[in-house]
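# Per-entry structural report
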Amino acid sequence: MRCAARSGSTVHAYADVRWNSPAFYGTAAEILDGRKIRGEIMQSRDGTDPVVTERDFPLKDRMERTSKGDHDGRYRTPVISHRAARGAYADAVLFLDWHKDGRGYRAHDYAGSPTV
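Worth saying up front: this structure is predicted, and the values here are computed from it rather than measured.

What counts, and at which threshold
Residues numbered from 1 in each chain as written. Predicted model: local features only at pLDDT ≥ 70, side-chain atom pairs only at ≥ 80, totals over all residues. Heavy atoms only, no water. Helix = DSSP H or I, 4+ residues; strand = E, 2+ residues; numbered from the N terminus. Buried < 20%, exposed > 50% of the residue type's maximum accessible area, 1.4 Å probe, protein only. Areas by Shrake-Rupley, 256 points an atom, 1.4 Å probe, with all protein chains shown as cover. Phe/Tyr/Trp six-rings, centres within 6.5 Å; stacked < 30°, edge-to-face > 60°. Lys NZ or Arg CZ within 6 Å of the ring centre and 35° of its normal. Core = buried A, V, L, I, M, F, W, Y, C linked by side-chain atoms within 4.5 Å. Contact = heavy atoms within 4.5 Å. Pairing = 2+ DSSP bridges. Axes fitted to C-alpha atoms, helices over the stretch in contact; angles between N-to-C directions. Salt bridge = Lys/Arg side-chain N within 4 Å of Asp/Glu carboxyl O.

It is worth spelling out the overall build of the protein chain at this point. Secondary structure assignment for the protein chain yields one helix and eight strands. Helices and strands appear in the protein chain in the N-to-C order β-β-β-β-α-β-β-β-β. Buried positions account for 37% of the 116 residues belonging to the protein chain. With an accessible surface of roughly 6,900 Å², the protein chain has 48% of that area assigned to carbon and sulfur atoms.

This next bit is on the packing of aromatic side chains. One pass over the full model with this rule turns up one aromatic pair. Judged by centre distance (6.4 Å) and plane angle (90°), the rings of F95 and Y105 are edge-to-face. You can see F95 sitting in strand β7 (residues 88-98) and its partner Y105 sitting in the loop between β7 and β8 (106-109), a full 10 residues away along the chain. We classify F95 as buried; its relative accessible area is 11%. Lying over the aromatic face of F95, K36 brings its terminal NZ or CZ to 5.4 Å of the ring centre. The ring of Y105 is capped by K36, whose NZ or CZ atom sits 4.6 Å from the centre of that ring.

Attention now moves to the nonpolar core. One finds V11, V17, I37, I41 and L59 to be the most contacted residues of the largest nonpolar core, which totals 20 residues. Of all the secondary-structure elements, those providing two or more residues to this core are β2 (10-19), β3 (32-43) and β7. Other than its neighbours up to four places away in sequence, V11 contacts A4, A5, R6, I41, I80, S81, H82, A84, A88 and V116.

Taken in spatial order, the four strands make up an open sheet running β4-β3-β7-β8, and their pairing is antiparallel. Single-partner strands in this sheet number two, and they are β4 (51-58) and β8. Each strand axis lies, on average, 25° off the axis of its neighbour in the sheet, ignoring direction. Judged from the 11 bridges that link them, β3 and β7 form a sheet pairing that is antiparallel. Across the sheet, the residue bridging to G39 is A92, located in β7.

Let's shift gears to the pattern of salt bridges. By the definition in use, this model includes five salt bridges. Residue R74 pairs with D16 through a salt bridge whose shortest N-O separation is 2.9 Å. A residue pair is termed long-range when its members are at least 10 positions apart, and R74 in strand β5 (residues 73-76) and D16 in strand β2 qualify at 58 residues. Residue classification places R74 among the exposed residues on the basis of a relative accessible area of 53%. Among the ionic pairs, K36 bridges to D56, the shortest N-O distance being 3.5 Å. Separated by 20 residues along the polypeptide, K36 in strand β3 and D56 in strand β4 bring together distant segments of the chain. Each of D16, R18 and R74 takes part in one network of salt bridges that share partners.

Quick look at the structure:
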């Protein structure tokens, strides 16, 4: 879901998001009120790893496009970069806000990339 690479002291990362939704007629707007992916660069340390930079990318328009009821898709975020010490890695969090459930965004975390 994410990739990290190092160039000197700068770490570059992106998320590659893919979804496979059931085919139905209508739009994703009927299922979700909001959706976004957060790309993060983390610094590996003892204890909790701090986020050194993060950026949100909306998925709303991309997930609502439909072709004959097919809601499958893919999106690669732009690259985020940050100067980071050795042991940095990329992480991604998917946020979904289900239609009219009253709970707002819920985070779905994924395992980070290998350290670079």
